[in-house]
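Coordinate analysis (summary)
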Amino acid sequence: MNLPVAHWDIFCSVVDNYGDIGVTWRLARQLRAEFHIAVRLWVDDLRAFQHIRPEVDCAAATQYLEGVEIWHWTTSLSLIEPGNVVIEALACDLPEDFIQAMAVKTPPPVWINLEYLSAENWVAGVHGLPSPHPRLALTKYFFMPGYIAGSGGLTREAWLYPGRDHFQGDAEAQNRFWSGLGLPERNDGARRLRISLFSYDSAALAGLLAICSQGDIPIDLLVPRGLAIPQIAAWFGLADIPEGAAMRRGHLCLYVLPMLAQDDYDRLLWACDANFVRGEDSFVRAQFAARPMIWQAYRQSEDAHLDKLAAFLDLYCADLPPVDAGLVRALWRGWNREEDIAPLWPDWIEALPQLSIHARAWATQLAVQTDLASNLVKFINKLLESRAF
Ligand code: TRH
C-alpha cells in the first residue's frame, strides 16, 4: 500500500529505555486514529518498540500497526520523498540528505521539533517559535508539551478517560486483569495496598523495600523487569529475580512483572492504589490514572531534572493542604535525590485517602486543557494554510 502524497513523517531515535518510542508511538497512533492522518513513523530501535508493543516485528523493514506505517530507520533516506509534515520527536537529528530533500520540495514540509515535557514557565515562551535553517529555505518550529497555558499540552487520547472510568468502576474487569498477570485478586475487605514501581536504579530502593516490609499495612509492590531489578535482587540477597517471581519479606510481597503492552500498562496504573513512575510518558499516564504517584525524573547533567521536578511540584501541590503538600514535596525530592524515604513513608501511606482525592482532581483539571495532538494538528494546519497562497 502506497501512502497518499500528503502524509506526515515522524522520526524517533531511541536514546535509551522506552520513553522516546513510548511518547512517539502514542502520538502517531492517535494522529492516525482520531485525525485520519497518514503517518509514516521512523524508529531506529524496533526492540525497544517491541517491549511496549509486542506485535512489532523486529526483522521487518516496514510494517503497519493500527494504520501507522512503521519504517525501521537504519538506512540512508536519500531516496525518500519527505511528507508534507516532518516531526523530529524529542529533538532527534534528521540526516542531512533528508533535510536537503525537504528543502527542494515545493512547498517545503512543515518541520516540527517536538520537545521534551516540562512544567517550567519558559516553555510557553518557546512554544511555537520558528527557527530558520542557517543555509536552506526551511524553518523548524518548536512544539513544547506542557501543563501551562500557552504550551502544546499533553498527549491524551479521546478514549482514555472513559476507558479509565469504566475500568476503575468494574471490580470484575480488574480482577480479570490481575489474574491475567498471575496475581491474586483483590479482596475488598483486606487492608492491603497494591503499588506499581517503575523506576531507574536508585540508592533509595533498599530503604523503600525495608520500610514496606516493616510497615503496618501489607504492601504488594509490582515491579516490571528492568533497571531496578539488580538492586531489588541484591536486597533479597539474590543475583537476579526472574519475571513472574513473587518475593516475600515481612509485610512486603514483591512481584516481578514482564513489561506490559502500553495499553495494559495504563490498566496497571488505573488498578493500583498508587504508582511510582519515571521519565516522561509513564509519569503523564500516572497523572491521568487519577491515583497518587511518586515521580522519578530522568537524570540530567547538572541536576537539571531537579528544576523540572520543582516546577512540577509547584503546580501539583498548589491546591493541596500545606501538610500534605510538604509531605509530597519532601518525599518526591528525597526519592529523586536517592535519599532514604523511609522516615516519610508512614505519613504518606496515612495520607493516601486525601492524596487520592487530590490525584483525581488533578486529572480532572488536566482534561480541561486541549490535548497535544489536537494542538499540533491545529498549529500545523495553520502553517499549511498560510503556505497555500
Ligand atoms: O523508559 P523511560 O525512562 O524513558 C525515557 C527515556 O530514558 C528517554 O531517553 C527520556 O527521554 C525520557 O524517559 C524522558 O520512561 P517513560 O518516559 O516513562 O517511558 C516508558 C514507556 O514505557 C511509556 O510509554 C510507558 C511504557 N511502558 C509499557 O508500555 N509497559 C510497561 O510495563 C512499562 C513499565 C512501561
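Not measured: the values here are computed from a predicted model.

Here we look at unusual backbone geometry
- Looking along the chain, the bond that leaves threonine 106 and enters proline 107 is cis, with omega of -15°.
- Non-glycine residue leucine 90 carries a positive phi angle of around 50°.
- Looking at the secondary structure, you find leucine 90 in the loop between strand E5 (85-89) and helix H3 (96-104).
- Among the residues examined, leucine 90 registers a relative accessible area of 7% and is labelled buried.

A closer look at the packing of helix H5 (residues 160-168) against helix H9 (residues 262-271)
- In the contact formed by H5 and H9, the axes pass within 10 Å of each other and the chain directions differ by 55°. The pairing of H5 with H9 is recorded here as oblique in orientation. Seen from above, H5 lies across H9 with right-handed handedness. Across from Leu160, Gly163, Arg164, Phe167 and Gln168 in H5, the residues of H9 making contact are Asp266, Arg267, Trp270 and Ala271.

Some points on the packing of aromatic side chains
- Under the counting rule described, the total for this entry stands at 28 aromatic pairs.
- Residues phenylalanine 11 and tryptophan 73 carry aromatic rings whose centres are separated by 4.9 Å and whose planes lie at 70° to one another, so their mutual orientation is edge-to-face. Taken together, the residues span a long stretch of sequence, with phenylalanine 11 in strand E1 (residues 8-12) and tryptophan 73 in the loop between strand E4 (68-72) and E5 at a distance of 62 residues. Tryptophan 73 carries the same exposure label as phenylalanine 11, and that label is buried.
- Considering the side-chain rings of tyrosine 161 and phenylalanine 288, the 5.8 Å spacing of their centres and the 70° angle between planes classify their relative orientation as edge-to-face. In this pair, tyrosine 161 is assigned in helix H5 and phenylalanine 288 in helix H10 (residues 281-288), connecting sequence segments 127 residues apart. Pair check on accessibility: tyrosine 161 and phenylalanine 288 agree, each one buried.
- The structure contains a cluster of three or more aromatic residues connected by ring pairs, namely Tyr147, Phe283, Trp295, Phe312, Tyr316, Trp332 and Trp362.
- Directly above the aromatic system of tyrosine 161 lies the positively charged group of arginine 164, at a separation of 4.1 Å from the ring centroid.
- When the ring centre of tryptophan 178 is taken as origin, the NZ or CZ atom of arginine 194, which lies over that ring, is 4.5 Å away.

Quick word on the pairing of strand E8 (residues 139-143)
- Here strand E6 (residues 110-114) pairs with E8 via four bridges, running parallel. Each residue of the ladder has a partner; that of tryptophan 111, found in E8, is lysine 140.
- Alignment of strand E7 (residues 130-132) against E8, held across three bridges, turns out to be antiparallel. Its bridge partner being in E8, proline 130 is matched across the sheet by tyrosine 141.
- Adjacent in sequence and paired antiparallel, E7 and E8 are bridged by six residues.

A closer look at helix H1 (residues 19-35)
- In a regular helix each residue adds 1.5 Å, so 17 residues correspond to 24 Å; H1 covers 23 Å between its end C-alpha atoms and thus fits that length.
- Of all 17 residues making up H1, 12 are buried, and the element is well covered by its neighbours.
- Trailing H1 by a residue or two, histidine 36 shows a phi angle of about 55°, which is positive.

What about the sheet that holds E7?
- Spatial strand order, E3-E4-E2-E1-E5-E6-E8-E7: eight strands in an open sheet with mixed pairing. Whereas interior strands pair on both sides, the edge strands pair on one side only; in this sheet they are strand E3 (62-65) and E7. The mean angle between the axes of side-by-side strands here comes to 25°, regardless of whether they run parallel or antiparallel.
- With four bridges joining them, E1 and E5 adopt parallel strand pairing.

The rules we used
- Residues numbered from 1 in each chain as written.
- Predicted model: local features only at pLDDT ≥ 70, side-chain atom pairs only at ≥ 80, totals over all residues.
- Heavy atoms only, no water.
- Helix = DSSP H or I, 4+ residues; strand = E, 2+ residues; numbered from the N terminus.
- Buried < 20%, exposed > 50% of the residue type's maximum accessible area, 1.4 Å probe, protein only.
- Axes fitted to C-alpha atoms, helices over the stretch in contact; angles between N-to-C directions.
- Parallel < 35°, antiparallel > 145°, perpendicular 65-115°, else oblique.
- Left-handed = near helix turned anticlockwise from the far one by under 90°.
- Contact = heavy atoms within 4.5 Å.
- Phe/Tyr/Trp six-rings, centres within 6.5 Å; stacked < 30°, edge-to-face > 60°.
- Lys NZ or Arg CZ within 6 Å of the ring centre and 35° of its normal.
- Pairing = 2+ DSSP bridges.
- Expected span 1.5 Å × (residues − 1).

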